[in-house]
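Tertiary structure, described
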Amino acid sequence: MSILDDVFGSFVEEADDHLRVLEEGLLRLEKEPSAAAELIEPLFRAAHTLKGSANLMKITDVGAVAHRIEDLFEDIRDADCTLQPVQVDAVLFALDRIRELIEYRKAGQIAPDELVSAALSRLAEACNASENSDSAIVFVAESPAIKPPEAAPALKYYPENERRNSGRRQEEAGVVRIGMEKIESLMGLVGEFTVTKNHLLDRLPVMEQMRSEVDIAGKRLLKEVTGFAERYDYTLLAQSALAGDDPFNELEFDRYAELNLFSRKLREITNDIETSLKEMSGFYKDFSQDVQSLDRVTEEMKEQISAARTVPAGQLFQRFSRTVRDMAQELGKPVELIISGGETPVDRVIFDGLFDPLLHIVRNVFAHAIESVDERKASGKPAQAKIRLTAERRGNTIEISVKDDGRGIDLERVRVRGIEKGFIAAGKQPSEQELIQLIFRPGFSTTVEVDSESGRGVGMNVVMDRLASLNGTIDVTTESGRGTSFRLRLPRSLVIVNITQFSCAGQKMVIPSALVEDIVDLAYAEKSTGEQAQGSLQRVDLTALLQLPGPQSTPAYGIVGQSEGTPIMLLVDAVLGQEDTVIKPFGPFLQELPYFSGSSLAGDGTLRLVINPARMKHVRTI
């Protein structure tokens, strides 16, 4: 393996960063032309560094395309020109081709010449068609694949005032790139450490009980020995004094009876035991503090390592800027994307798994919710619609919402389609929430004709399946003529998870706390007016559903969660508390079990199954 192959992985990561900077900067520059002076320099540097890195790696086709983009930014910067929409489209097109070229290199394949020639031609056409063509650079579109590396365009240097800073991008001091596999390994070690810590915490109450019993026994022994000694220590001496004998005129130790000596020995032994008990109590106190300190250190270590594998939600949201722009142009629906909470950290695994669900939701919003310009004007709305992407941390969960100001979900249309599909029984009048949940059914769509955006009935079902795999849930609220909001709740981490422990039929199980919306004491609920509110929830007796062996008992608690977006209540015997633990996913042989997402070890080594209510897909009719 050559040196270039060794560092290719670092190049891919660096190139991805530069491509992201270029795409985000272009889209922002398109929206804020007045900020050109501020934004063009970072774009120029990113293109310049990408070119240099690609040429250094002998990926001359990527370097050639990046060089043309760099020339465009340089011309705009030096001539103080305005970036035209046609140029934005061309650069975005070229960035997509660069990504394809890198993917071909990653796969060890030779990229087609058409990729490079198409990118260069598009850039040339955009610059020649620009209104500022007099100051634009005219490009000659030819593929570098047919050129030897030395024929690549030479860099321009300016001795007095060099406009292009040579050299690679300077890394920040103290910054080291770490592969995800190393962070995953560290998180695995922290997870095992957490299990051991839980074991110590479980032992503390046992040790406290033992210490308390020994302390009580020691006090009883001391009391009895003290009373015994007071009665018999000096009995013989007192009797001798009454008889007028001098207690020290002969060998005084011969005057002590065996009972007196035994009493003295008991007192001495008891004093030693009392001292040992005090030392043991002090040791237990210190040990308990050490375990509690270990718990805090473990939590901090988990937070720090978890932070190392998180990505700001804004990076995920920015990926939709391009999607929203392209769909708005394609469908003729002007839409503004508003992002908030972009600094919220999201676990990298969740970050990667969220793109597809959010993409389906955004496409669904364009297809069903956003009205045409004429329709919006007729209803008194601005011609430009709004889609808001928001991220927020709430305890051990991350909430991500997608909200639009469109027409809302047509519940009547949903009801008609539900009857046609057989999801609604004849004569039934489903509630608004039940109608909303129909959109997550496989094969359901309110669009009769299939087009590129909708009609196949797979979009929202994919959202539910992906969220189930991420231990997440989704809530949907809609208002006719005002818009719809999709709220996704996900755990902060998929490695070390806070869980709620409960028991059914004598077996301990757990459920991720992120999936728990409420815990209901059924006996109390029956005596209160809250029973009416809980009565509308679908109840699932886990003991009966899972056919658990063992003693049958009346469920005492209800754990409220969601299944396929529908609120349900899991009936359990007892709720035992919360803790942080490691969830181990099942292997290929067991991964299709419908109601479980893995297993977890308790502090005492007991294996517990992890319940996932989002996977309880009952085939039911409203």
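Everything below is about the structure shown above.
The structure contained in this document is the topic of the report that follows. (Residues numbered from 1 in each chain as written. Predicted model: local features only at pLDDT ≥ 70, side-chain atom pairs only at ≥ 80, totals over all residues. Heavy atoms only, no water.)

1. Re the pairing of strand 4 (residues 385–394)
Across six bridges, the pairing between strand 2 (residues 335–340) and strand 4 is parallel. Paired with Ile338 across the bridge in strand 4 is Arg388. Counting the residues that bridge the hairpin from strand 4 to strand 5 (residues 397–404) gives two residues, and of these Gly395 lies at a positive phi of roughly 65 degrees. (Pairing = 2+ DSSP bridges. Helix = DSSP H or I, 4+ residues; strand = E, 2+ residues; numbered from the N terminus.)

2. A short note on the environment of Glu192
Among the secondary structure elements, Glu192 is positioned in helix 6 (residues 180–232). Using a relative accessible area of 42% as the deciding quantity, one classes Glu192 as partly exposed. With 390 residues separating them along the chain, Glu192 and Val582 place their C-alpha atoms 7.5 Å apart. (Buried < 20%, exposed > 50% of the residue type's maximum accessible area, 1.4 Å probe, protein only.)

3. Section: the pattern of salt bridges
Going through the model one piece at a time under the given rule, you end up with 29 salt bridges. Here Arg97 and Glu100 are joined by a salt bridge, their closest N and O atoms 2.5 Å apart. Here the residue Arg97 and the residue Glu100 both occupy positions in helix 4 (residues 85–106), the gap between them amounting to three residues, near one helical turn. What makes Glu100 partly exposed here is its relative accessible area of 29%. A salt bridge links Lys381 to Glu371, with the shortest nitrogen-to-oxygen separation between them at 2.8 Å. Remark: Glu371 occurs in the loop between helix 10 (348–369) and helix 11 (373–378) and Lys381 occurs in the loop between helix 11 and strand 4; sequence separation between them is ten residues. Each member of the pair, Lys381 as well as Glu371, is classed as buried. When salt bridges that share partners are traced, they join Glu23, Glu30, Asp89, Asp96, Arg99, Arg322, Arg325 and Asp326 into one network. (Salt bridge = Lys/Arg side-chain N within 4 Å of Asp/Glu carboxyl O.)

4. Re the sheet that holds strand 12 (residues 557–563)
With mixed pairing, the four strands of this open sheet are ordered in space as 10-12-13-11. Pairing within the sheet leaves two strands with one partner each, and these edge strands are strand 10 (518–521) and strand 11 (538–541). Neighbour to neighbour, the strand axes of the sheet diverge by 35 degrees on average, direction disregarded. Strand direction decides the pairing type here: strand 10 and strand 12, joined by four bridges, are antiparallel. From the neighbouring strand, Asp518 faces strand 12, where its bridge partner is Val560. (Axes fitted to C-alpha atoms, helices over the stretch in contact; angles between N-to-C directions.)

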